[in-house]
Structure formats: structure tokens, C-alpha cells
Amino acid sequence: MPLYSIKVTCCNCEHEFSTSRVRPSLKKAIRRDADFCSYYKDENPDYYVVRVCPQCGFASTENSADKLSDMQRKAFYEQVGKRWLSRDFGGKRDWMAALETYKLALICAQSISDKSRIIASLLHHIAWMYRYNGGTEQEQRFLRYALEEYIRVFETDGMGGNDARLMYLIGELSRRVGEFNDAVRWFSRVINDQRITDAAMIRSSREQWTLLREQMRGEDNDPEGVPI
């Protein structure tokens, strides 16, 4: 069996429930897109990132808060919880169920004013869900939302440990939604900022900038003269 169960305590109502995970030995991706979207031979671990409490409906990930404040609980109940019809997402999930858990996690995170980084990640994962299913229009829509949120993270968090990865990701999402000039700027920052020592992100930025240059030439919009 590729799945196993873990017990989780809901950070909203403190109800203990079971949720499924993919066994670590089966989590090896067969390929990965430049924005870190991974593809798997068998069960997709991304389908099981969100844990949904069957009792109150609060959906979260491992990165969410352990406990909600009284104000957050009230906000969640008013915006989401009072309309919750008990459902159990604890077993095997298909694409539709996985998408539903991410959208539920997103509205939960927004209702409690969770960190921008968590909201950005959820938006990005929803875009991946549509990519898995060939839904290009919705994928683009959610990539744009994720891009806006990642930029907000960068502007509010300042220079953090994952800065190179975040800047690279902003560049790559800009490229994917057709904001080529913005993408050039972000990739250039990763490559040229002397404080950045993340070799993998510098290399990835160079690779994507090369790809981007070909795209821009194809659209008669050559970025010559951009320092790289």
C-alpha cells in the first residue's frame, strides 16, 4: 500500500483525526518543473499535503500554526466553519478531492489571516493541481495570484534564509505568466547579488534566463543589454 495513516490534532477544535500520507520510499519524483512542481509514477504526495478536520472543517498543512487564537477561531467559524457539512478526506484522494482540500485550506488560511508565505504556497499548489489536469486557464489564474503573494512575502519578510529561492520563484512565475521583463529583473538579481551564495538557485536562474531570452526573441522582445 502506498498510503499510511497518521493522527493529527485539529488546531481549531482540538479533535483528533486520521489523515493519509504517501510512504517516504515512494516519494521519488520522476520529473520536476522549473517552479518545483513534481510528477510521480504512482500516488502523488501533493494530493495529501492538506489535513482536513472532519468535525469542524478546518484545513491546514504541516506549516500552519499549532493552535489558533480566539480571534482566529471566531473568524474561521464566521467565514467557513458555520457552513461546514461534515466530510472525511482521511482516505485515498483523487484529483478532485485533492483540489477541494487545497481550496478549503486557502479559504481557512485567508479567514484567519495566516502568513503570506503559507497563502502563497497554497495558491501555487492549486496552480499545480490544474497543471496536472491540463487546466491551463485556471493554472495561469492561480499562478498570477501566487506570484502576487510571493512578491508580498519578499517585500514584508526582507532578506531571509530562503531569499534566493523566493527571488528565483518570483522570476520563474513571472516567466510562466508572460511577464518577461519582470522575470529578467528577478533572475538577474539572483545572479548578480553578491550576498547570494545559493549555487543551485544561481544556476537555475541562469538556465531560466537563457530559456527566457529564447522566448523573448520569439516575440521580438530581445532583452539584450540586461546585465547577467
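Refer to the structure printed above.
Model, not experiment: these values are computed from the prediction.

A. Looking closely at the overall build of the chain. Looking only at helices and strands, the chain features seven helices and six strands. By the compact-globule yardstick of 17 Å for 228 residues, the chain fits well, its C-alpha radius of gyration being 19 Å. Each principal axis of the C-alpha atoms in the chain carries an extent, and together these give about 60 × 40 × 35 Å. Counting across all 228 residues of the chain, residues that qualify as buried make up 49%. Looking at the chain alone, contacts between residues at least 24 apart form 58% of all its contacts between residues at least 6 apart. Just so you have it, the chain exposes about 12300 Å², and 47% of that area is on carbon and sulfur atoms. Within the chain, the 33 negative side-chain charges are centred at a point lying 4 Å from the centre of the 34 positive side-chain charges.

B. Structural detail: the packing of helix 5 (residues 163-176) against helix 6 (residues 180-192). Between helix 5 and helix 6, whose axes approach to 7 Å, the crossing angle comes to 160°. As summarised for this structure, helix 5 and helix 6 are arranged roughly antiparallel, according to the angle between their axes. Here helix 5 runs over helix 6; the crossing is left-handed. Two secondary-structure elements touch here, helix 5 through A164, M167, Y168, I170, G171, E172, S174 and R175 and helix 6 through F180, D182, A183, W186, F187, R189 and V190.

C. Region of interest: the environment of S60. Relative to the elements of secondary structure, S60 occurs in strand 6 (residues 59-60). Each C-alpha atom of the pair S60 and L122 lies 9.8 Å from the other, and the pair is 62 residues apart in sequence. Beyond its immediate stretch of four places on either side in the chain, S60 contacts V49, V50 and R51.

D. Local environment of the packing of aromatic side chains. Going through the model one piece at a time under the given rule, you end up with nine aromatic pairs. Here a set of aromatic residues connected by ring pairs shows up, and it is made of W95, Y130, F142 and Y145. A cation sits over an aromatic face here: R31 above Y39, 3.8 Å from the ring centre. The ring of F36 is capped by R165, whose NZ or CZ atom sits 4.0 Å from the centre of that ring.

E. Here's a closer look at the side chain of H125. Mapping H125 onto the fold places it in helix 3 (residues 116-132). Given a relative accessible area of 14%, H125 falls into the buried group. With residues near it in sequence (within four places) discarded, H125 still touches D46 and Y102.

F. Examining the nonpolar core more closely. Core analysis: the largest hydrophobic core is formed by 70 residues, its most contacted members being F58 and Y150. Those elements that provide at least two residues to this core are strand 1 (3-9), strand 2 (16-22), helix 2 (95-111), helix 3, helix 4 (136-157), helix 5, helix 6 and helix 7 (199-218). The contacts of F58, once residues within four sequence positions are left out, are C10, C11, N12, R51, V52, C53, L68, F76, C108 and I112.

G. Seen up close, the packing of helix 6 against helix 7. Interhelical geometry of helix 6 versus helix 7 gives an angle of 150° and a closest axis separation of 9 Å. Between helix 6 and helix 7, the angle falls in the class roughly antiparallel. Our pair here, helix 6 against helix 7, has a crossing hand that is left-handed. Where helix 6 abuts helix 7, its residues F180, N181, A183, V184, F187, S188, V190 and I191 lie against M201, I202, S205, R206, Q208, W209, L212, Q215 and M216. Among the residues making up the contact of helix 6 with helix 7, the classes are represented as 11 nonpolar, five polar and one charged.

H. A look at the pattern of salt bridges. By the definition in use, this model includes 19 salt bridges. Between R144 and E179 there is a salt bridge whose closest N-O contact spans 3.3 Å. With R144 in helix 4 and E179 in the loop between helix 5 and helix 6, this pair connects stretches of sequence that are 35 residues apart. Judged by its relative accessible area of 36%, R144 is partly exposed. Residue classification places E179 among the partly exposed positions, given a relative accessible area of 32%.

I. Highlighting the pairing of strand 1. By the bridge criterion, seven bridges tie strand 1 to strand 2 in an arrangement that is antiparallel. What sits directly across from V8, in strand 2, is F17. Connecting strand 1 to the next strand, strand 2, in antiparallel fashion are six residues, including E14 with a positive phi near 65°.

Cut-offs applied
- Residues numbered from 1 in each chain as written.
- Predicted model: local features only at pLDDT ≥ 70, side-chain atom pairs only at ≥ 80, totals over all residues.
- Heavy atoms only, no water.
- Helix = DSSP H or I, 4+ residues; strand = E, 2+ residues; numbered from the N terminus.
- Rg over C-alpha atoms; globule rule 2.2 N^0.38 Å.
- Buried < 20%, exposed > 50% of the residue type's maximum accessible area, 1.4 Å probe, protein only.
- Contact = heavy atoms within 4.5 Å.
- Areas by Shrake-Rupley, 256 points an atom, 1.4 Å probe, with all protein chains shown as cover.
- Lys, Arg positive; Asp, Glu negative; His and termini not counted.
- Charge placed at Lys NZ, Arg CZ, Asp CG, Glu CD.
- Axes fitted to C-alpha atoms, helices over the stretch in contact; angles between N-to-C directions.
- Parallel < 35°, antiparallel > 145°, perpendicular 65-115°, else oblique.
- Left-handed = near helix turned anticlockwise from the far one by under 90°.
- Phe/Tyr/Trp six-rings, centres within 6.5 Å; stacked < 30°, edge-to-face > 60°.
- Lys NZ or Arg CZ within 6 Å of the ring centre and 35° of its normal.
- Core = buried A, V, L, I, M, F, W, Y, C linked by side-chain atoms within 4.5 Å.
- Nonpolar A, V, L, I, M, F, W, Y, C, P; charged D, E, K, R; others polar.
- Salt bridge = Lys/Arg side-chain N within 4 Å of Asp/Glu carboxyl O.
- Pairing = 2+ DSSP bridges.

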